[in-house]
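Architecture and fold: a report
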Protein chains: 4
Amino acid sequence: MTERNIKIEAVERLAVEDQSVEIVERKGIGHPDSIADGIAESVSRALSNLYLDRVGKVLHYNTDETQLVAGESSPAFGGGEVIEPIYILLVGRATKKYDGEKLPVDAVALEAARDYLAENIPELEFGTDVIVDVKLGEGSGDLQDVFGEDNVEVPMSNDTSFGVGHAPLTETESIVLNVERQLNGPYAERHPYLGPDVKVMGKREDDQIDITVAAAMVDAHIADIGEYKDAVEHVRGYVSDVAREYTDRDVNVDVNTADDYDDGSIYLTVTGTSAEMGDDGSVGRGNRANGLITPNRPMSMEATSGKNPVNHIGKIYNLLSTDIAESVVADVEGIRDLQVRLLSQIGRPIDEPHVADAKVVTEDGVELSDIEADVQAIIDEKLADVTNVTRRVIDGELTTF
Amino acid sequence: MTERNIKIEAVERLAVEDQSVEIVERKGIGHPDSIADGIAESVSRALSNLYLDRVGKVLHYNTDETQLVAGESSPAFGGGEVIEPIYILLVGRATKKYDGEKLPVDAVALEAARDYLAENIPELEFGTDVIVDVKLGEGSGDLQDVFGEDNVEVPMSNDTSFGVGHAPLTETESIVLNVERQLNGPYAERHPYLGPDVKVMGKREDDQIDITVAAAMVDAHIADIGEYKDAVEHVRGYVSDVAREYTDRDVNVDVNTADDYDDGSIYLTVTGTSAEMGDDGSVGRGNRANGLITPNRPMSMEATSGKNPVNHIGKIYNLLSTDIAESVVADVEGIRDLQVRLLSQIGRPIDEPHVADAKVVTEDGVELSDIEADVQAIIDEKLADVTNVTRRVIDGELTTF
Amino acid sequence: MTERNIKIEAVERLAVEDQSVEIVERKGIGHPDSIADGIAESVSRALSNLYLDRVGKVLHYNTDETQLVAGESSPAFGGGEVIEPIYILLVGRATKKYDGEKLPVDAVALEAARDYLAENIPELEFGTDVIVDVKLGEGSGDLQDVFGEDNVEVPMSNDTSFGVGHAPLTETESIVLNVERQLNGPYAERHPYLGPDVKVMGKREDDQIDITVAAAMVDAHIADIGEYKDAVEHVRGYVSDVAREYTDRDVNVDVNTADDYDDGSIYLTVTGTSAEMGDDGSVGRGNRANGLITPNRPMSMEATSGKNPVNHIGKIYNLLSTDIAESVVADVEGIRDLQVRLLSQIGRPIDEPHVADAKVVTEDGVELSDIEADVQAIIDEKLADVTNVTRRVIDGELTTF
Amino acid sequence: MTERNIKIEAVERLAVEDQSVEIVERKGIGHPDSIADGIAESVSRALSNLYLDRVGKVLHYNTDETQLVAGESSPAFGGGEVIEPIYILLVGRATKKYDGEKLPVDAVALEAARDYLAENIPELEFGTDVIVDVKLGEGSGDLQDVFGEDNVEVPMSNDTSFGVGHAPLTETESIVLNVERQLNGPYAERHPYLGPDVKVMGKREDDQIDITVAAAMVDAHIADIGEYKDAVEHVRGYVSDVAREYTDRDVNVDVNTADDYDDGSIYLTVTGTSAEMGDDGSVGRGNRANGLITPNRPMSMEATSGKNPVNHIGKIYNLLSTDIAESVVADVEGIRDLQVRLLSQIGRPIDEPHVADAKVVTEDGVELSDIEADVQAIIDEKLADVTNVTRRVIDGELTTF
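- In the nomenclature of an unreviewed UniProt entry, chain A corresponds to S-adenosylmethionine synthase from the organism Halogeometricum limi.
- Under the heading Pathway (unreviewed entry), UniProt records this for chain A: "Amino-acid biosynthesis; S-adenosyl-L-methionine biosynthesis; S-adenosyl-L-methionine from L-methionine: step 1/1."

**Considerations on the overall build of chain A**
- A tally of helices and strands in chain A yields seven helices and 18 strands.
- Taking 21 Å as the expected radius of gyration for a compact globule of 401 residues, we find that chain A reaches 22 Å, a close match to that expectation.
- Within chain A, the proportion of its 401 residues that are buried is 65%.
- Within chain A, residue pairs in contact and separated by at least 24 positions form 77% of the contacts whose partners lie at least 6 positions apart.
- Summed over its atoms, the accessible surface of chain A is roughly 14,300 Å², and 42% of this surface lies on carbon and sulfur atoms.
- Computing the positive centroid from 35 side-chain charges and the negative centroid from 79, chain A places the two 5 Å apart.

**A look at the relation of the copies chain D and chain C**
- Mapping chain D onto chain C calls for a rotation angle of 180° and an axial translation of 0.0 Å; the resulting RMSD is 0.0 Å. Taken together, the rotation and translation describe the operation of a two-fold axis. Among all residues of chain D, the one whose C-alpha sits closest to the rotation axis is G127(D), at a distance of 2.6 Å.
- Interface overlap between copies: 100% of the residues of chain D at the interface are likewise at the interface in chain C, consistent with a symmetric, same-surface contact.

**What about the relation of the copies chain C and chain A?**
- After a rotation of 180° and a shift along the axis of 0.0 Å, chain C superposes on chain A with an RMSD of 0.0 Å.
- When the interface residues of chain C are mapped onto chain A, 100% of them are again interface residues, pointing to one common binding face.

**Quick look at the pattern of salt bridges**
- Per the counting criterion, the structure on display carries 128 salt bridges over all chains.
- Its salt-bridge partner being R392(C), residue E397(C) comes within 3.7 Å of it at the nearest N-O pair.
- A salt bridge links D337(D) to R297(D); the shortest N-O distance between them is 3.4 Å. Highlighted residues: D337(D) in strand β17 (residues 335-343) and R297(D) in the loop between β16 (281-282) and α5 (313-331), separated in sequence by 40 residues. Of the two residues, D337(D) and R297(D), both sit in the buried class.
- Beyond isolated ion pairs, a larger network of salt bridges with shared partners links D64(A), E65(A), E302(A), K307(A) and R285(C).

**Regarding the domain arrangement of chain A**
All names here are of chain A.
- Per the domain assignment, the segments making up chain A are domain 1 (6-17 + 160-170 + 285-394), domain 2 (32-147) and domain 3 (171-281).
- With centres defined by C-alpha atoms, the gap from domain 1 to domain 3 works out at 31 Å.
- For the pair domain 1 and domain 3, the summed buried surface comes to about 720 Å²; carbon and sulfur atoms form 42% of the total.
- The salt bridge involving E17 is made with R249; its shortest N-O contact spans 2.7 Å.

**Details of the interface of chain D and chain C**
- The partner chain C presents 26 residues to the 26 residues of chain D that form the contact.
- Together chain D and chain C conceal approximately 2,000 Å² of surface at their shared face, both sides included; 53% is due to carbon and sulfur atoms.
- It is I83(D), K102(D) and T128(D) that lose the most area in chain D upon contact with chain C, and together they represent 24% of the buried surface on that side.
- Applying the counting rule to chain D against chain C returns six salt bridges.
- One salt bridge in this structure joins R114(C) and E125(D), with 3.8 Å as the shortest N-O distance.
- Applying the counting criterion to the chain D and chain C interface returns six residue pairs in polar contact (both at pLDDT 80 or more).
- Counting only elements with at least two residues in the side of chain D that touches chain C, the list comes to β6 (81-84), α2 (105-120) and β10 (130-138) of chain D.
- With six residues, the top contributor of residues to the side of chain D that touches chain C is α2(D).
- Residue composition of the side of chain D that touches chain C, by class: 13 nonpolar, two polar and 11 charged.

**Some remarks on the pairing of strand β18 (residues 355-362) of chain C**
All names here are of chain C.
- In terms of burial, β18 is a largely internal element, seven of the eight residues being buried.
- In this structure, strand β1 (residues 6-10) lies alongside β18, joined through five bridges in parallel fashion. Paired with I8 across the bridge in β18 is A358.
- Where strand β17 (residues 335-343) meets β18, eight bridges bridge the pair, whose relative direction is antiparallel. Bridge pairing in β18 places L338 opposite V360.

**Structural notes on the interface of chain C and chain A**
- Opposite the 45 residues of chain C that make contact, chain A presents 45 residues.
- Counting the surface lost from both chain C and chain A, the interface buries some 4,000 Å², and carbon and sulfur atoms represent 55% of this.
- The interface formed by chain C and chain A includes six salt bridges.
- Notably, a salt bridge pairs R93(C) with D280(A), separated by 2.6 Å at the nearest N-O pair.
- Linking chain C with chain A are 16 residue pairs in polar contact (both at pLDDT 80 or more).
- Among the secondary structure elements, those contributing two or more residues to the side of chain C that touches chain A are β2 (21-27), β4 (67-69), β7 (86-94), β12 (194-205), β16 (281-282) and β17 of chain C.
- At five residues, β7(C) tops the list of elements feeding residues into the side of chain C that touches chain A.
- Tallied by class, the residues present in the side of chain C that touches chain A amount to 18 nonpolar, 13 polar and 14 charged.

**Comments concerning the packing of helix α1 (residues 32-55) of chain C against helix α2 (residues 105-120) of chain C**
Residue and element names in this part refer to chain C.
- Direction vectors running N to C along α1 and α2 enclose 135°, while the axes themselves pass 8 Å from each other. Taken together, the axis directions place α1 and α2 in an arrangement best described as oblique. Considering the relative orientation of α1 and α2, their crossing is right-handed. When α1 is examined against α2, the residues S34, I35, G38, I39, S42, V43, A46, L47, L50 and Y51 are found in contact with a partner set consisting of V105, V108, A109, A112, A113, Y116 and L117.
- Tallied by class, residues from the contact of α1 with α2 come to 14 nonpolar, three polar and no charged.

Criteria and thresholds
Residues numbered from 1 in each chain as written. Chains lettered and ligands numbered in written order. Predicted model: local features only at pLDDT ≥ 70, side-chain atom pairs only at ≥ 80, totals over all residues. Heavy atoms only, no water. UniProt positions renumbered as here; feature names shortened; annotations may be inferred. Helix = DSSP H or I, 4+ residues; strand = E, 2+ residues; numbered from the N terminus. Rg over C-alpha atoms; globule rule 2.2 N^0.38 Å. Buried < 20%, exposed > 50% of the residue type's maximum accessible area, 1.4 Å probe, protein only. Contact = heavy atoms within 4.5 Å. Areas by Shrake-Rupley, 256 points an atom, 1.4 Å probe, with all protein chains shown as cover. Lys, Arg positive; Asp, Glu negative; His and termini not counted. Charge placed at Lys NZ, Arg CZ, Asp CG, Glu CD. Least-squares fit on C-alpha atoms with pLDDT ≥ 70 in both. Salt bridge = Lys/Arg side-chain N within 4 Å of Asp/Glu carboxyl O. Domains from an automatic or database assignment. Buried area = accessible area lost by both parts, 1.4 Å probe. Polar contact = N/O pair within 3.5 Å; in protein donor to acceptor, adjacent residues only side chain to side chain. Nonpolar A, V, L, I, M, F, W, Y, C, P; charged D, E, K, R; others polar. Pairing = 2+ DSSP bridges. Axes fitted to C-alpha atoms, helices over the stretch in contact; angles between N-to-C directions. Parallel < 35°, antiparallel > 145°, perpendicular 65-115°, else oblique. Left-handed = near helix turned anticlockwise from the far one by under 90°.

What follows is the structure in structure tokens.
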């Protein structure tokens, strides 16, 4: 049917869900590495949109190297202060001139960073709590004609790269991912003492799951140590509730275990992120494209955030393989663990990878042959629609970290 | 009577008002050098107030080295855009720790810069049109006990320095100073197309005064070349009116003489300052402490803006000598031209200068002996009250550029 | 025998050597990401030695965030020039004061960067072709007493982290690793036209190995396109020879496949690294601790370079697990594929990991029970000697990328 | 005879030599402000030469805004160390592309700074004791055709600006100027303990001259406090000898008066400049174009160093007026004090100033009419040869600070 090189095979190994030890981590949106990821990706989207608005197609750029240098702060119950600002350097390449017209690349990048921070780390005062500087060099000047308003072509692969995705999430993965999202979503909305720098670590040994949360508290909303303890306990209870939605296993939750009440060392911050006090950050050092760090699974080293979504094959394949894995598992019954890997072939359109391989662990009683055709069809369809990944990235529908 | 070394002498030279050629210049508050001056001084005041608030006295600091690196812009009738932001580096020394407590020196400096820009260059979007960075090193750590909440001592001079002031302003000086202030005050308020980067040059040859104004127009408020020409003409008329308040001599006014309508080269800006497009600036390169550049008069090379007002002898003496000269001329009749110079003496309190000399050109029919005692008394009194200069600087009552 | 929690198990999966598709990559020492890694690690070692020299023990620091911003160059046969310098920002935390004495942390970091660059990217003129700036904030001030001149203690784990190592290298891995090392070693010494930015990609499908090398040529040593082609061909031949030392499989070698002689696009550089022209770099984005990027194997996301080797559990465990795997395979016969993983336990000494698990694929005819005791003994011994990793890192005996 | 508007007049005021109080200052080449001046001017010359070499004429640039941020050091007898490097930011505008060719403006600027520092502040290790960064924006792109290899035209004045020069130097001026030059020349060569940051202040009251020298000593060459005292005393003696070559008045010399041996506060440095420890610097804040700060004489506020010597009218007129004054006094007998002032006229060639006025104080028995024609002829000739100033600046024959 298809001419794409799609290989589907059953593997003998245990599904990650069934392995005896599992480790999962998620750095929340306020973690310094995630701040770098988030800014890099929002700058990328802003540049894509700038180019589409001004010249009708996405020009060459890459903004995947934001560097965050931590500040210094003096938190205090009821409200402390930032002493030295955080410094963020936007780094990358961008096309600054097209057809004789100068494009406000630096200004747009700074605005994107400002807006992203305002939305996600609202306690950070832009320009005083955090200085954002920019060094975007001219790129090589190769223009990309492949993704425009009027027509969209499938670009050629110009690199040997690969992407890898998985589905479904294990229980532990689901817990870690959702705990962070719930804490940074509805919980923080109702409880402004919780800052966005929430780091969640999950460890499962057989049927015992330990969830460890490090949650930066915002000092302006916490009057004293009593309120702090209440906040920690309240977070703990909330996390336990969230976790129980995803598992029947035993779950133990710890919050801010590094606190030492005796010597007054607690996780109190002015702005809700440890970037204010000593924790540096940069792009690609934290969560993978599916939002998690999963040492039990193969991962790509490629930083996804900030890369050009039109032609960066590593970014596209990481997002696409995850999308494929999730779609397959959603539509096809009987899969306990699925890994999809896409390997590019230099000089070929990216919808024709060198190989797309799917490794399936089926559920008991299911044979690969029962489902192979369905899996193949979905992979084939998703590959055919590869440029949709680009569009969804530009529109902000796909997260990269 | 007094033990201060005050020398008053009549000089034979012509008053500047009576010399045949006179040149005067004022860089408006939106000029890149003035932006640097203004930020440096506002940072200085903010630090003085921080120290007074936190530790009850002004600690060691010096913030007289702001560097502005110009940006790049693309102005257009109806509203253009900034392409590359202006970069401003706050430079100096400050005490960052006192009695075990960290003081938010960097944060306060950045806030002062932000507030100053918002007030004076309102079209500049902080953090995106202009990046402000900060490098304030630790100072030598010498603490200043001399200017506190509870007691104020006269500090010792620790340097050989001098200050010089003049009064009254000549007609040309008055015109130049007031033209800029009126344009940047009531005129700009009524006519938002006028940006704060207004540079005024006055040249008098005998009784002919030429006033040349370079005025940055703000593109968002100017729809086309016709409106631009109207604006230029309107400014010209206004300046002529202001000038005529200060002189009966012939006044010729030119505005934006470098414009070339044929090749479309006009003084149109996005933000109202040439700093957006190629004009760098730094402290102490523009107006002297009295707000003017007056090559016909002795001037101090010392940058006044940003210096510590408690113990920087050059700053204090420049401001004080100007204050003395103005007070003398306001209170004593018969002076056509007065120059006051204060020279410090290392190791002595600054209210006892090595010498305070006043050079007087009297009006016709007035002898120095008629007024000498009055002049002497005022100088003596002002010197005795030297710490009042410090207080007025901190309170923002004295301008430094 | 031991109380350490060491788990050794046979796994059913195929050894990586026997899987049908294998991908391996190594970014050479002149690659922008490797430059960042190399500087970060050399700064780390310099600070360790500074602290040992001055205060007899390693103080708190972390320098794992070097950011490289690419320059711009104009290469030309016979010798071109750098137009805009590369900019490198050293980022991290360090203890700057101890016992009242100021420690020259910034100066030492800059010297380390300078010396590293001189040694490894010799064509780069320090300070003109590359600007190195530094932002090392004060750390949290916790002092580390555990690693001193006089006594060395095993530190406690303060984080949940893990490390993973493998042995033996597959043929493809061996080729990729050694091709880069040989090219950047003896080959470059004899052939100065070869720059240090050599990127090697290996792809094996069953018994066909494709090696793709991107090698930056140094323009001063290449007179014309003919010499360039000769150089490329010569590298190709050399790489083929190296590869054949490690395999009997079919090997195909390509060098600088992105060259397009028709439009004059070739991989010619002034300084031997693509950092001179548009390729940014940062720490932890390239090779893992064993020098390779191996998507077929579990990898740690942790950046190893620049981390404090005394107490950064991720760094220590990544290096130690690799060391263990290599030692086991060197000493014990019959192992086809070994993965060692160390998982820390907060609050316990790091020589007592939460779990040390070894997953073994034995050779045909070998049972795990035949070798289990030997494997266990080596793991136990290596864990007991964990502080030796720290010492070897500080002495520069262990590479981190 | 000539059509240039040259006005020569006798003035009634006292020659500066005969006034009762005179103040003169010179910041030596190692002073932070002078370092900024020196780098700015050497960058300017390097760019002029780059443009002449590459395109045969000097293109648009201006590099008059170097900012120096002080470092931090820990001097010690026998040799201390730099703790935090000095940071120098090169600021300005330059043409980076001409006729499709990219010009290595940044690289050349950095090399010029490096070479200047190596020559003048040799103890400063480039790149580790001092970081030099660069922000040279694109200028307006106006090309200067006026100063090329093949033909040289007199440029038009595009600004109202003026320059002022004086001759002969007073005794005090001569002493101040030559003391610094001798100390930084032959003395430092023989006595390496003397650093280049030598600040000389001269104060004359009637016939009493006080010379105060602040001389940074280099710690590596001074073993203990005894050697330090000897060095100070030796400098004092040397300065006295130099001074006596220029005057018969009483001369008192003080060296390092701020030293306090009791509390160990002395002027000891690692690198020979106070920039290593807390003294910031920038262009145009120190010496005027004749090398001195002379509050008794009219001075131009314009920074001379770093300005484009082809078309910056302030720079050219400051240098030219000084050159004229010196030439007149060298060739014409009977002049006790001469001030030459050049005022530009917008739109006219710069060899036809709006007015060139010379104010002469003749020696006793000499009438202006005796010498007027000679003075006029020299001024006329020098003006006619104005482009020679540009050439001499580019060749480094004229100093600017």
